[in-house]
Amino acid sequence: MTLMLASVADAAEAEIALIEGADILDLKNPADGPLGALTPAVIRAIVATIGGRRPVSAVAGNLTEPAELAAAAKAIAATGVDYVKVGIPSESAAESIAALTSLAAEARLIAVLFADRGLDLTLIPSLAAAGFKGVMLDTAAKDGKRLVNHVDISGLREFVDRAHEANLIAGLAGSLEAPDIARLLPLEPNLLGFRGALCSGNDRKKAIDAAQVRFIRDLIPRAPSTLDAQDEFKIDWRLLSARGYGPGRDEKIETDRVFVHDLVLLVSIGAYDFEREKTQRVRFNIDADVRRTAHHAEDMRDILSYDLIVDAIRLVLSRGHVDLVETVAERVADALLAHPRLVAIKVRVEKLDVIDGSVGIEISRERASQAGSLHQLFASISDVAAKSGG
Ligand SMILES: O=C[C@H](O)COP(=O)(O)O
């Protein structure tokens, strides 16, 4: 499952983040760049205040010289935090990893790579070999550009997948905003990290705001044990389903339609040999029937964003050549039906360069029942927990 990491600057902020449900408290000085460190004395005091109620991480500072970085990380590890986040400088990555290897044997280190400083995915196996526990992708320049402005959705999936293949915790951060969350959750990162989005005016140097922490928290599914406490999951559909009840196709569910129309992308598709050597234009039309909330939609908690549909298409296409439009349509429908709010979907995929006109497929798929949606949700949570060893 995906946990919420909240970066906090002092004990008061840590208490707010803890009360509002952040899963991991990350100690840093946001006034001093992306990985500004607090002093060991301040970190010790905050750790004592938190008193083991949540796991705590702390950053080692914005350092580029390997020996200095290792010494700073060692001092932070000695404060009693659960994890030390260490920025891996792109100019001395191999040397820094080597300098941190002995500490990695005795402390839990999370490497931070920066998406805006030339992301090098080949570092991931080296981090695993050096004994790091995890790797986070973040942005160094806090200049309004978000993580997805630097690495597209298929690149982010590759980052998460490579980290999991190396048995590392995978984290994503970098001026993430509320609409980013639903887009990143399908990639199944173990952590999503936030600072700016939790603060007044989305300004990471200002104080944390309890309402904003709550808003972000509400967008990330909680652990299964707390799911039943959420409004959306008050009915125990698993229990009802086991007893033979449950809303099926006949039950009227109020829906709204979210659509993406006339999206044309260059795709490697086709069963002929000559179609493997080039891309061709493919038009996508998607109509998704989405379960309506009981109240008027007011923020990201109430909707399914069209971004999710575009991302699902791009993720399906990023897997490489596909012979059939039918396969693409089924994969897009499957990916989107994993979203618990989606009730039914129509996917139309047309090849535009085959004849003077278009050829293609239109499929309609619907969720069998709400019990099905819950099954999928729980299955995906246990998959991630298994991947992260937790
Ligand atoms: O570790 C996560 C970072 O503190 C994220 O900060 P940000 O959301 O302001 O980029």
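Residues numbered from 1 in each chain as written. Predicted model: local features only at pLDDT ≥ 70, side-chain atom pairs only at ≥ 80, totals over all residues. Heavy atoms only, no water.

Applying the stated rule across the entire model yields one aromatic pair. Directly above the aromatic system of Phe114 lies the positively charged group of Arg117, at a separation of 5.3 Å from the ring centroid. (Phe/Tyr/Trp six-rings, centres within 6.5 Å; stacked < 30°, edge-to-face > 60°. Lys NZ or Arg CZ within 6 Å of the ring centre and 35° of its normal.)

Topologically, Lys351 is positioned in strand β11 (residues 342-351). Owing to a relative accessible area of 12%, Lys351 belongs among the buried residues under this scheme. A distance of 3.0 Å separates the side chain of Lys351 from the side chain of Glu275, its partner in a polar contact. Apart from the residues within four sequence positions on either side, Lys351 is in contact with Ile269, Gly270, Glu275, Gln280, Arg281, Val282, Val325, Gly357, Ser358 and Val359. (Helix = DSSP H or I, 4+ residues; strand = E, 2+ residues; numbered from the N terminus. Buried < 20%, exposed > 50% of the residue type's maximum accessible area, 1.4 Å probe, protein only. Polar contact = N/O pair within 3.5 Å; in protein donor to acceptor, adjacent residues only side chain to side chain. Contact = heavy atoms within 4.5 Å.)

Moving on to the domain arrangement of the protein chain. Entries for the protein chain in the domain assignment read domain 1 (3-219) and domain 2 (255-366). Taken residue by residue, the interface counts 11 residues in domain 1 and 10 residues in domain 2. At the boundary of domain 1 with domain 2, total buried surface from both sides reaches about 1100 Å², with 68% on carbon and sulfur atoms. The largest per-residue losses of area from domain 1 upon contact with domain 2 belong to Arg157, Arg183 and Phe215, which jointly make up 45% of the total buried on that side. Taking the shortest distance from any N to any O, the salt bridge between Arg301 and Asp218 comes out at 2.8 Å. (Domains from an automatic or database assignment. Buried area = accessible area lost by both parts, 1.4 Å probe. Salt bridge = Lys/Arg side-chain N within 4 Å of Asp/Glu carboxyl O.)

Let us now look at the UniProt feature "domain: Dihydroneopterin aldolase/epimerase" (unreviewed entry) in the protein chain. Mapped onto the present numbering, the UniProt feature "domain: Dihydroneopterin aldolase/epimerase" (unreviewed entry) falls on residues 258-365. Secondary structure over residues 258-365 splits into 23% helix and 36% strand, and the C-alpha atoms at its two ends are 15 Å apart. (UniProt positions renumbered as here; feature names shortened; annotations may be inferred.)

Looking now at the packing of helix α7 (residues 153-165) against helix α12 (residues 306-317). In the contact formed by α7 and α12, the axes pass within 9 Å of each other and the chain directions differ by 65°. Here α7 and α12 pass one another in a crossing that is right-handed. For the pair α7 and α12, contact is made by Ile153, Ser154 and Arg157 and by Asp311, Arg314 and Leu315, respectively. Looking at the contact of α7 with α12 residue by residue, the classes come out as two nonpolar, one polar and three charged. (Axes fitted to C-alpha atoms, helices over the stretch in contact; angles between N-to-C directions. Left-handed = near helix turned anticlockwise from the far one by under 90°. Nonpolar A, V, L, I, M, F, W, Y, C, P; charged D, E, K, R; others polar.)

We now examine the sheet that holds β11. Here we have four strands laid out as an open sheet, ordered β9-β10-β11-β12, and antiparallel in their pairing. Strand pairing shows two members of the sheet lacking a second neighbour, β9 (255-267) and β12 (359-366), which therefore form its edges. Within the sheet, the average angular offset between the axes of one strand and its neighbour, ignoring direction, is 10°. Examined bridge by bridge, β9 and strand β10 (residues 280-291) share 11 bridges and lie antiparallel to one another. Residue Val267 lies in a different strand from β10, and its bridge partner there is Gln280. Helix-sheet contacts for α12 involve β9 and β10, and the interaxial angle to β9 is about 35°. Its contacts with the sheet put helix α13 (residues 325-337) on β10, β11 and β12, and the angle it makes with β11 is roughly 155°. (Pairing = 2+ DSSP bridges.)

Another point: the pairing of strand β6 (residues 134-138). Among the five residues in β6, five count as buried, and that is most of the element. Going residue by residue along β6, you find Gly134, Met136 and Asp138 tucked away on one face and Val135 and Leu137 tucked away on the opposite face as well. Handedness of the β-α-β unit built from strand β5 (residues 109-114), helix α5 (residues 123-129) and β6 comes out right-handed. As paired elements, β6 and strand β7 (residues 169-172) share four bridges and run parallel to each other. Looking across to β7, one finds that Val135 is bridged to Ala170. (Right-handed = clockwise from strand over helix to strand, strands pointing away.)

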